Amino acid sequence: MTRPLAIIGHVSLDAIRTPAAEAGDVPGGAALYAALGARHAGAAVTLFARTGADWPAAATAALAASGIDTTGLVAGPGLTRRSVQRHDRAGNRRSAHHDDEVWWERTRALRPPLPDASSRWAAWVVMPVLPETLATAIEAAAPAGIPVIADTSEAFAARAREALLAAVPGLAAFCPSVAETRLLLPGRGDDDAADVLAALGTVVLQKRGADGVLLVDRAGHRRIAVEPVDAVDPTGAGDATVGAFAAHLAAGLPHAEAARRAMATGAAAVGGIGPAGLLAAISSLSR
Ligand SMILES: Nc1ncnc2c1ncn2[C@@H]1O[C@H](COP(=O)(O)OP(=O)(O)OP(=O)(O)O)[C@@H](O)[C@H]1O
Ligand SMILES: [Mg+2]
């Protein structure tokens, strides 16, 4: 049996607005989507995140029913972090919450707990967190030889550029979107930015929405296309892709094959509102 993945980050309650659908109080957050993505890709998964008093027990139950160990999902002070996810027809996203002081306050108050730093983990997957939390995770994982795979978000890439770049050499893989690499390395082309990040000493999986991903490792550049599907709601697709990529790496697949298979999970994630697409895909796998 392969060792489990620890997925570390934030969960949230989201308002989702797409041209096709509107929904409120949808359980989400990058850590939730990454955990579901890793599960969809067949990994054993433990989720580490802090919820608030308004977090629905049914959301935890749904994660547990899909096979995720939720013992690291613990109650923190106050209310759950909330965000608004707006997607237009062209696939552009607006995340107004990044300018919201309450969102930053909740982000600081609900920093995720870290797993025990032991060799029982195949890897730690650190989803968008404050840069000091990422640095602490890298430092804690290193002595036990635990690989750390990380994603970021536009909020952190815009406000904590230097700290994020400083963390990159400590990562086994870094999985930002193109929007994030443009913020981290302004003035560079997208391919060039991925090369610069990889040259810092990591494997780069640069997410490009319906255009797939660019993988950069020692073997060079590989552009991996997706079979675009009609997206019901793209929220969490990138996060699910990262969880699945980590799961396939942990299972011993080469980088390019792990990336290729992770795209199937990304496509499943866009098939329903919020986590619904992934939950349905996971339950049909286990039948
Ligand atoms: N319409 C689509 N059809 C098929 N696959 C898709 C589609 N949209 C996204 N994906 C898959 O999901 C992956 C991640 O999407 P994207 O690049 O939008 O991530 P992101 O910007 O990190 O998003 P988020 O953080 O909101 O989850 C893509 O690389 C692709 O594999
Ligand atoms: Mg993302």
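As shown above, the structure is provided for reference.
To start, this report covers the structure provided alongside it. This is a predicted model, so every value here is computed, not measured.

**A few points about the overall build of the protein chain**
Secondary structure summary: the protein chain contains eleven helices and 13 strands in total. Taken against the 2.2 N^0.38 rule, which gives 19 Å for 287 residues, the C-alpha radius of gyration of the protein chain at 17 Å falls within 12% of a compact globule. Projected onto its principal axes, the C-alpha positions of the protein chain cover 45 × 45 × 45 Å. Burial analysis of the protein chain (287 residues in total) assigns 50% to the buried set. For the protein chain, long-range pairs separated by at least 24 residues make up 69% of all intrachain contacts whose partners lie at least 6 apart in sequence.

**Digging into helix H1 (residues 30–40)**
Of all the eleven residues making up H1, eleven are buried; the element is thus mostly covered by neighbouring parts of the structure. When we look at burial in H1, the residues that qualify are Ala30, Ala31, Leu32, Tyr33, Ala34, Ala35, Leu36, Gly37, Ala38, Arg39 and His40. Phi turns positive one or two residues past the end of H1, at glycine 42, with a value near 100°.

**Quick notes on the sheet that holds strand S10 (residues 173–174)**
In space, the nine strands of this open sheet follow the order S5-S4-S1-S8-S9-S10-S11-S12-S13, with mixed pairing throughout. The open sheet has two edge strands, strand S5 (73–75) and strand S13 (220–224), and neither has a second partner. One ladder, built from four bridges, connects strand S1 (residues 5–8) with strand S4 (residues 45–51); its direction is parallel. If you follow alanine 6 over to S4, its bridge partner there is threonine 46. Strands in contact with helix H10 (residues 255–269) are strand S11 (203–207), strand S12 (213–217) and S13; relative to S12, the strand with the most contacts, it is inclined by about 160°.

**Looking at the site of ligand 1**
The immediate surroundings of ligand 1 are formed by 22 residues, with Ser177, Lys207, Ala237, Gly238 and Gly266 found nearest. When contributions to the shell around ligand 1 are tallied by element, the ones reaching two or more residues are helix H9 (237–250) and H10. Tallying contributions element by element places H9 first for the shell around ligand 1, with four residues. Broken down by class, the residue content of the shell around ligand 1 amounts to eleven nonpolar, eight polar and three charged.

**Some details on the pairing of S13**
Successive residues of a regular strand alternate their side chains across the two faces of the sheet. The pairing of S12 with S13 spans five bridges and is classified as antiparallel. Bridging from a neighbouring strand, leucine 215 pairs with arginine 222 of S13. Between S12 and S13, which pair antiparallel and follow one another directly, the connecting turn spans two residues.

**Brief notes about the environment of valine 126**
Relative to the helices and strands, valine 126 resides in strand S8 (residues 123–126). For valine 126, a count of 30 C-beta atoms within 10 Å corresponds to the buried category. C-alpha separation for the pair valine 126 and aspartate 116, spaced ten residues apart in sequence, amounts to 14 Å. With near-sequence residues (within four places) excluded, valine 126 lies in contact with Ile8, Gly9, Leu134, Ala137, Val148 and Ala150.

**Examining the environment of leucine 5**
Residue position: leucine 5 is located in strand S1. Residue leucine 5 is classed as buried on the basis of its C-beta count, with 28 C-beta atoms lying within 10 Å. Spatially, the C-alpha atom of leucine 5 lies 7.1 Å from that of valine 125, the residues being 120 residues apart in sequence. In this structure leucine 5 touches Ala38, Ala43, Val45, Ala122, Ala123, Val125, Ala246, Ala247 and Ala250, once residues within four positions along its chain are discounted.

**Structural notes on the sheet that holds strand S3 (residues 22–28)**
The strand order across the open sheet formed by four strands is S3-S2-S6-S7, and the pairing between neighbours is mixed. At either margin of the open sheet sits one strand with a lone partner, and together these are S3 and strand S7 (93–94). Relative to strand S6 (residues 82–87), strand S2 (residues 12–17) is paired through five bridges, and the arrangement is parallel. Paired with alanine 15 across the strands is valine 84, a residue of S6.

**Description of the pairing of S8**
Every second residue of S8 is oriented toward a common face, with Ala123 and Val125 on one face and Trp124 and Val126 on the other, all of them buried. As paired strands, S8 and strand S9 (residues 148–150) are joined by three bridges and run parallel to one another. Note on S9: the bridge partner recorded for tryptophan 124 is valine 148. Viewed along the sheet, the connection from S8 through helix H4 (residues 131–141) into S9 turns out right-handed.

**Overview of the nonpolar core**
In terms of nonpolar packing, the biggest core is built from 85 residues, with Leu5, Ile7 and Val125 touching the most fellow members. With nine residues, H9 is the largest single contributor of residues to this core.

**Brief notes about the packing of H1 against H9**
Running from N to C, H1 and H9 cross one another at 45°; their axes reach a closest spacing of 6 Å. Considering their axes alone, H1 and H9 lie oblique with respect to each other. When the axes of H1 and H9 are compared, the crossing they make is right-handed. Counting all contacts with H1, which are made through Ala30, Tyr33, Ala34, Ala35, Leu36, Gly37, Ala38 and His40, the residues of H9 involved are Asp239, Ala240, Thr241, Val242, Gly243, Ala244, Ala246 and Ala247.

Thresholds applied
- Residues numbered from 1 in each chain as written.
- Chains lettered and ligands numbered in written order.
- Predicted model: local features only at pLDDT ≥ 70, side-chain atom pairs only at ≥ 80, totals over all residues.
- Helix = DSSP H or I, 4+ residues; strand = E, 2+ residues; numbered from the N terminus.
- Rg over C-alpha atoms; globule rule 2.2 N^0.38 Å.
- Buried ≥ 20, exposed ≤ 12 C-beta atoms within 10 Å, placed from the backbone.
- Contact = placed C-beta atoms within 7 Å.
- Pairing = 2+ DSSP bridges.
- Axes fitted to C-alpha atoms, helices over the stretch in contact; angles between N-to-C directions.
- Near = placed C-beta within 6 Å.
- Nonpolar A, V, L, I, M, F, W, Y, C, P; charged D, E, K, R; others polar.
- Right-handed = clockwise from strand over helix to strand, strands pointing away.
- Core = buried A, V, L, I, M, F, W, Y, C linked by C-beta atoms within 7 Å.
- Parallel < 35°, antiparallel > 145°, perpendicular 65-115°, else oblique.
- Left-handed = near helix turned anticlockwise from the far one by under 90°.

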